[in-house]
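Coordinate analysis (summary)
Each chain, letter by letter, is given below.
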Amino acid sequence: MTTTLTLDVKLCGGRTSGASWAALIEVTGSFTLSELHSTIQRLVDFDDDHLHEFFVGRNWRDRKITFGEPDGDGSEEEVQLSSIVPLPKNQKLYYNFDFGDNWLFEIACLPQKKPADRTLKGATLIQEKGHKPIQYPGDDDEG
């Protein structure tokens with residue numbers, strides 16, 4: 001049975017550490033890390049022009065399992081969220097975008113799982129808080 005997962009995505013580091021942004025989204029358990037990457041990019045209005053990775057660890061410095069770019073375990077197009085969650089105790093899922101600016105997002109899967117909504121395609125934004133980070137602050141004349 002496919003389930004619907006509720007994910008709490010929070011910005012926890014990056015070029016403008018003062019930015020405070022979080023989103024609550026719903027996805028199916030078959031949602032892949034590649035789809036989650038695209039969803040986060042769309043939510044924060046970033047240009048998808050840098051390398052990224054997903055990893056699991058106790059904190060952002062403690063990487064136990066890495067997925068995706070550059071040399072991770074398995075292609076993120078194939079890794080479904082249902083194969084990752086629930087995470088082991090005291091472990092968190094992180095998404096790091098742009099290895100220079102290190103935009104870091106912590107992703108928590110809320111404990112409630114519910115049967116999949118057959119009409120759910122992609123991700124559904126439930127709630128958004130704070131201000132979206134600016135990918136290139138001060139670069140107004142870039143182009």
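Residues numbered from 1 in each chain as written. Predicted model: local features only at pLDDT ≥ 70, side-chain atom pairs only at ≥ 80, totals over all residues. Heavy atoms only, no water.

Describing helix α1 (residues 33–44)
Here is the rule: Numbered from the N terminus, helices here are DSSP runs of H or I no shorter than four residues, and strands are runs of E no shorter than two. How far a helix is expected to stretch is found by multiplying one less than its residue total by 1.5 Å. Relative accessible area decides the class of each residue, using a 1.4 Å probe on protein chains only: under 20% of the type maximum gives buried, over 50% gives exposed, and in between gives partly exposed.
Between its first and last C-alpha, α1 extends 17 Å over 12 residues, near the 16 Å set by a 1.5 Å rise per residue. Of all the positions in α1, only Leu33, Ser34, Leu36, His37, Thr39, Ile40, Gln41, Leu43 and Val44 are classed as buried. Taken from the residues just after α1, Asp45 is the one with a positive phi, measuring 60°.

Things to note about the packing of aromatic side chains
Defined as follows: In this scheme Phe, Tyr and Trp rings, the latter by its six-membered ring, pair at centre separations within 6.5 Å, and the angle between planes marks the pair as stacked below 30 degrees, edge-to-face above 60, and tilted otherwise.
In this structure the tally under the stated criterion is 6 aromatic pairs. For the pair Trp21 and Phe105, a centre-to-centre distance of 6.1 Å together with 90° between the ring planes defines the contact as edge-to-face. Of this pair, Trp21 sits in strand β2 (residues 21–28) while Phe105 is found in strand β6 (residues 103–109), placing the two residues 84 residues apart along the sequence. Owing to a relative accessible area of 1%, Phe105 belongs among the buried residues under this scheme. Taken together, the aromatic side chains of Trp21, Phe54, Tyr95 and Phe105 make up a single cluster linked through ring pairs.

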